[in-house]
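Each chain, written out:
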Amino acid sequence: MRGYIVPVLASVALSRASTLPSDHSSSKRAVISWDDAYSKATTALAKLSIGDKVGIVSGTGWQAGNCVGNTKAVGSIGYPSLCLQDGPLGIRYVMGATAFSAGIHAASTWDVDLIRERGSFLGQEAKQLGIHVQLGPVAGPLGKIPTGGRNWEGFGPDPYLTGIAMQETIEGMQEAGVQACAKHYIGNEQELNRETMGSNVPDRVMHELYLWPFADAVKANVASVMCSYNKINGTYACENGGIINKLLKEELGFRGYMMSDWNAQHTTTGSANAGMDMTMPGSDFNKKNVLWGAALQSAVQSGQVQQSRVDDMVKRVLAAWYLVGQDKGYPTATFNSWKIGSQNVGGNHKTNVRSMARDGIVLLKNTANALPLSKPKSIAVIGSDAIVAPKGANACADRGCNDGTLAMGWGSGTAEFPYLVAPLDAIKTQAQKDGTSVTTSTNDNAQQGASAAQNADYAIVCVNSDSGEGYITVESNAGDRKNLNLWHNGDALVQAVAQVNKKTIVVVHSVGPVIMESWIDNPNVVAVVWAGLPGQESGNGLVDILYGSTSPSGKLPYTIAKTQQDYGTNIASGDDSTWDLFIDYRRFDQQKIEPRFEFGFGLSYTNFTYSDIAITGKPTSGPASGTRGVGGPADLWETVATVTAKITNSGGVAGAEVPQLYVGYPSSAQTPPQQLRGFNKLKLDAGASGTATFPLRRRDLSVWQNGQWVVPSGDFTVSVGASSRDIRLTGKITV
Ligand code: NOJ
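Just so you know, these numbers come straight off a predicted model, no measurement behind them. Along every chain, residues carry numbers that run from 1 in the direction the sequence is written. Thresholds applied to this predicted model are a pLDDT of at least 70 for local features of residues and 80 or more for the giving and counting of side-chain atom pairs; totals over whole chains, interfaces and linings are not thresholded and use all residues. As a rule here, side-chain values cover all heavy atoms of the structure and leave hydrogens and water aside.

## Focus: the overall build of the protein chain
Item 1. Assigned secondary structure in the protein chain consists of 18 helices and 31 strands.
Item 2. Compactness check: the protein chain gives a C-alpha radius of gyration of 25 Å against a globular reference of 27 Å for 735 residues, within 12% of the reference.
Item 3. Overall, the protein chain is about 80 × 60 × 50 Å in size when its C-alpha atoms are taken along their principal axes.
Item 4. Two residues qualify as a contact provided that any one of their heavy atoms is within 4.5 Å of a heavy atom in the partner residue. Relative to all contacts within the protein chain whose residues are 6 or more apart in sequence, the contacts with residues 24 or more apart total 79%.
Item 5. Carbon together with sulfur atoms contributes 48% to the accessible area of the protein chain, which is approximately 23,400 Å² in total. Segments assigned H or I by DSSP are reported as helices when at least four residues long, segments assigned E as strands when at least two residues long, and all are numbered from the N terminus. The globule rule is 2.2 Å times the number of residues to the power 0.38, and the radius of gyration it is compared with is taken over C-alpha atoms. Per-residue and other accessible areas were derived by the Shrake-Rupley procedure at a 1.4 Å probe size, with only the shown protein chains allowed to occlude residues.

Listed below in structure tokens is the structure:
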């Protein structure tokens, strides 16, 4: 199934004893090949009437079915009413499913085993519930704009990291039997006016940044892709033949189907002829306007849409269903999205959430080894972010409020919390074991926080920053964040506490970067724990790090700047024509802007030394010219060079390191100064060494030039480091 060996995975398997199965090749697969799936689909197609066909590609209408999207069953071929359900971090509208870590938090673990396991668990829960298509994972937004409301649903602004996370998640999900849906395709980087605005993305930028992770999704045999609300270069995404027919289907060889985002379709024939294959939910939200169904049938009869086009849609949809084995005894959905009920499908999946909650934490500051804590006499725990919201973790529909501790953003990409362990819950449990006295101030009042903190050995201040999908406005943030400041006066709270307590530890739960300049250099702020969006096991993962049962090993999947302006990208009020190759660290590097914390940064309780870089392979310059298949030319995905380095845990405790490989291209290529092209996660005991292995695919050395992927000739620099600005080893590949 897997077209190539994942660089990271392969090296992980070689270089460490994992606590999780890293040999995925032996895991049971519910997948057959596309060719086999298509031959079954072709046989089935022959038995269908035009009415059957239209029913397979048209949703039944908004809220006309138990799932957020439903299609018509066809009894003659044993085809069910397809159940499509959100979302990327868990099953929406079901109580008793797992609330996993958000995508951005999964990315900050840089741990492909955990990411794959998360995908697999997501898929297992979906299958138990009879969900055929789970609406995730997310590669758009990529995270061009740091205030973008839905960035946290995806894996951050680096296309390579996002691409690997997409591939692992999709394979994990589909092997478990559910069809994945890579969304939102494409250029959907903000919530403001998302249904009307246009993204004018140059071809090269499209390929090297925004399309890149979707190519990984296609290569991972993703069953479906969702076209987004916005326009791309003047044409709505779901009506855009340039991005659907040409980019995805022709260039990338995508064999699954393109579904619309909910009500993102604008015309009957335009969408059909552009390559859209399924309309969702099948009507507008007033349940009035229906663009396919009978209208598609008439368009075929009048010749505006070719019969062969409809047959192609149906074949794609059926093939995807066969691909993941849903024709064999797949459960029937029994839940109802519109009346949340209890379905206990979580099993032991909380183990993955606990591991991710822990290993996605990024330690940003740790003066004089303030952390880990060791049986302190007294601590104060401060902030509304330390507790579960008094009204309950699920009090607001689709998590559309920011009360209590933040463990996911808001919108369709959420799940109900089956439970939520808040920081204070877990800290109290630990404190009891240690005989530590705990004082609290669980609101955001600065004065009250300071008085609670005053006499404690340590003050733990929990603060946050939230965002979500634009159909809900929270505290006047209409999806996108108004700015990158902490919410609820968080800066003042931290400052007030730090004023009275010399050992102030700041815990930040956030959807993305925040500006922390007003307190980061305060000497009384001795530690900053970047705790992301951890999901239901939040507090437990936090305590693992605060008390050092595990050394922190997360790394930032984005840059944290000193001012918002440094990112150079903003929410557009109309169309957005400001697209270039320089987003996030690519821009900071190029403009020589000093970030507060750079992409890839994260501290540990131990130290790692890097040595012995070695490079093998002799890549050739020129275009990829291999046979076109799923993912494009086959040679694009072949390994053309391999970089290795020795990583030694030279500190006193066990820990995990994420060595990162950055590639600088020959100057003629006019690329960003360096781009992530590999990473490993090595778990090493104190004193132990491991080998980081970074296979470079042809793709990883290519630039998009005149309509093809080309490896430029000249010198490539390869840099192996502990972050994008902490390069420890360098080498050269001459092409
Ligand atoms: C719109 C969102 O953009 C999409 O992500 C989601 O899957 C659908 N609504 C269905 O809820």
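## Details of the state of the cysteines
Item 1. Disulfides are defined as cysteine sulfur pairs within 2.5 Å. Under the defined criterion, the tally for this structure stands at 3 disulfides.
Item 2. A sulfur-sulfur distance of 2.1 Å marks the disulfide that ties Cys67 to Cys83. One disulfide, between Cys67 and Cys83, carries an S-S torsion of -100 degrees and so falls in the left-handed class. Of the two residues, Cys67 is situated in the loop between α3 (50-57) and β1 (69-70) and Cys83 in strand β2 (residues 83-85); the sequence distance between them amounts to 16 residues. In this structure, Cys67 and Cys83 share a single accessibility class: buried.
Item 3. A disulfide bridge connects Cys396 with Cys401, and the sulfur atoms are separated by 2.1 Å. Across the S-S bond linking Cys396 and Cys401, the dihedral sits near 95 degrees, which makes this disulfide right-handed. A simple rule labels every residue: compare its accessible area, found with a 1.4 Å probe on the protein chains alone, to the largest value its type can have, and call it buried under 20%, exposed over 50%, or partly exposed in between.

## Some remarks on empty space enclosed by the protein
Regions of empty space are outlined by a rolling probe, equal in size to a water molecule, passed over the atoms.
Item 1. Using protein atoms alone on a 1 Å grid, points that fit a 1.4 Å probe yet trap it form a cavity, whereas open point sets bounded by protein on both sides within 12 Å along at least five of seven lines form a pocket; residues with an atom within 4 Å of a point count as lining. Grid points are joined across faces, edges and corners, and a volume is the space filled by probe spheres set on the points. This model, assessed by the stated rule, comprises 3 cavities of 30 Å³ or more.
Item 2. Its boundaries defined by the atoms lining it, the largest cavity holds a volume of some 140 Å³.
Item 3. As for the largest cavity, its lining consists of 17 residues, and the residues nearest its centre are Gly143, Pro146, Asn151, Pro157 and Tyr558.
Item 4. For this classification, the nonpolar set comprises Ala, Val, Leu, Ile, Met, Phe, Trp, Tyr, Cys and Pro, the charged set comprises Asp, Glu, Lys and Arg, and every other residue, Gly included, is treated as polar. Counted by class, the lining of the largest cavity contains 10 nonpolar, 5 polar and 2 charged residues.

## Thoughts on the sheet that holds strand β12 (residues 362-366)
Item 1. Across the sheet, 6 strands lie side by side as β12-β17-β16-β15-β13-β14; this open sheet has mixed pairing. Edge positions in the open sheet fall to β12 and β14 (437-441), since each of these has one partner strand only. For this sheet, the mean inter-axis angle between neighbouring strands, taken without regard to orientation, is 15 degrees.
Item 2. Of the pairings in the sheet, the one linking strand β15 (residues 458-465) to strand β16 (residues 504-510) comprises 7 bridges and is parallel in character. Any two strands with at least two DSSP-identified bridges between them are counted as paired. Fitting a line to C-alpha atoms yields each axis, with helices limited to the stretch in contact; the angle taken between N-to-C directions then spans 0 to 180 degrees.

## Comments concerning the pairing of strand β10 (residues 257-260)
Item 1. Here β10 shows a buried face lined by Tyr257 and Met259 and a second buried face lined by Met258 and Ser260.
Item 2. Note that strand β7 (residues 224-227) and β10 share 4 bridges and pair parallel. Counted as the bridge partner of Cys227 is Ser260 from β10.

## Overview of the pattern of salt bridges
For side chains bearing opposite charge, pairing can occur when the charged atoms are close.
Item 1. A pairing counts as a salt bridge when a side-chain nitrogen of Lys or Arg comes within 4 Å of a carboxyl oxygen of Asp or Glu. Taken as a whole, this structure holds 34 salt bridges when the rule is applied.
Item 2. For Asp311, the salt bridge is made with Lys53, and the minimal N-O distance between the two is 2.8 Å. Note that Asp311 is positioned in helix α12 (residues 307-323) and Lys53 in helix α3, a separation of 258 residues in sequence. When sorted by exposure, Asp311 lands in the same class as Lys53, which is buried.
Item 3. The closest approach of N and O atoms between Asp726 and Arg728, which form a salt bridge, is 2.8 Å.
Item 4. According to the relative accessible area criterion, Arg728 is partly exposed, its value standing at 35%.
Item 5. Three or more residues are tied together by salt bridges with common partners; here these are Arg150, Glu153, Glu191, Arg194, Glu195 and Glu469.

## Describing the packing of helix α6 (residues 159-175) against helix α8 (residues 212-219)
Item 1. Between α6 and α8, the shortest axis-to-axis distance is 8 Å and the interhelical angle comes to 25 degrees. With respect to each other, α6 and α8 are oriented roughly parallel. Between α6 and α8 the crossing geometry is right-handed. Of the residues in α8, those in contact with Pro159, Tyr160, Thr162, Gly163, Met166, Gln167 and Ile170 of α6 are Trp212, Pro213, Asp216 and Ala217.
Item 2. Split by residue class, the contact of α6 with α8 holds 7 nonpolar, 3 polar and 1 charged. An angle below 35 degrees is treated as roughly parallel, one above 145 as roughly antiparallel, one from 65 to 115 as roughly perpendicular, and anything else as oblique. It is the rotation of the near helix from the far one that decides the hand of a crossing: anticlockwise by less than a right angle makes it left-handed, clockwise makes it right-handed.

## Notes on the confidence of the model for the protein chain
Item 1. Averaged over the protein chain, the pLDDT score is 95; the fraction of residues at 70 or greater is 96%.
Item 2. Residue-level confidence of the predictor is summarised by pLDDT, bounded by 0 at the bottom and 100 at the top. Predicted confidence is poor over residues 1-28, with pLDDT under 50, and the contacts of this stretch with residues over four places away or in other chains come to 58 contacts.

## Focus on the site of the ligand
Item 1. Throughout this document, a residue counts as near a molecule or strand when at least one of its heavy atoms sits within 4 Å of that molecule or strand. Among the 13 residues in the neighbourhood of the ligand, the closest are listed as Asp86, Arg150, Lys183, His184 and Asp261.
Item 2. A 3.5 Å cut-off defines polar contacts: any pair of N or O atoms within that distance qualifies, except that in protein one atom must be a possible hydrogen donor and the other a possible acceptor, and neighbouring residues in sequence count only when both atoms are side-chain atoms. One of the side-chain N or O atoms of Arg150 is found 2.7 Å from an oxygen atom in the ligand.
Item 3. For the ligand, an oxygen atom lies 2.9 Å from a polar atom in the side chain of Lys183.
Item 4. For the ligand, whose accessible area on its own is 290 Å², the fraction buried by protein is 94%.

## Some thoughts on the nonpolar core
Item 1. For this analysis, a nonpolar core means a set of buried residues of the types Ala, Val, Leu, Ile, Met, Phe, Trp, Tyr and Cys, connected via side-chain atoms within 4.5 Å. One finds Tyr185, Tyr210, Met259, Trp262 and Leu318 to be the most contacted residues of the largest nonpolar core, which totals 126 residues.
Item 2. At 10 residues, α12 tops the list of elements feeding residues into this core.
Item 3. Leaving out residues up to four positions away in the same chain, Leu318 has contacts with Ala41, Ala44, Leu45, Leu48, Ile56, Ile77 and Tyr79.
Item 4. If you look at the next biggest cluster of nonpolar residues, it comprises 42 residues, including Trp152, Leu406, Phe417 and Ala452.

## Description of unusual backbone geometry
Item 1. The omega torsion across Asp86 and Gly87 is 0 degrees, close enough to zero to call that bond cis.
Item 2. Of note, Gly87 is situated in the loop between β2 and β3 (94-95).
Item 3. Note that the residue after Gly136, namely Pro137, is joined by a cis bond; omega there is 5 degrees.
Item 4. The residue Pro137 is located in the loop between β4 (133-134) and α6 in this model.
Item 5. At Asn369, a position not held by glycine, the phi torsion is positive, near 50 degrees.
Item 6. One non-glycine residue, Asp584, adopts positive backbone phi at about 50 degrees.

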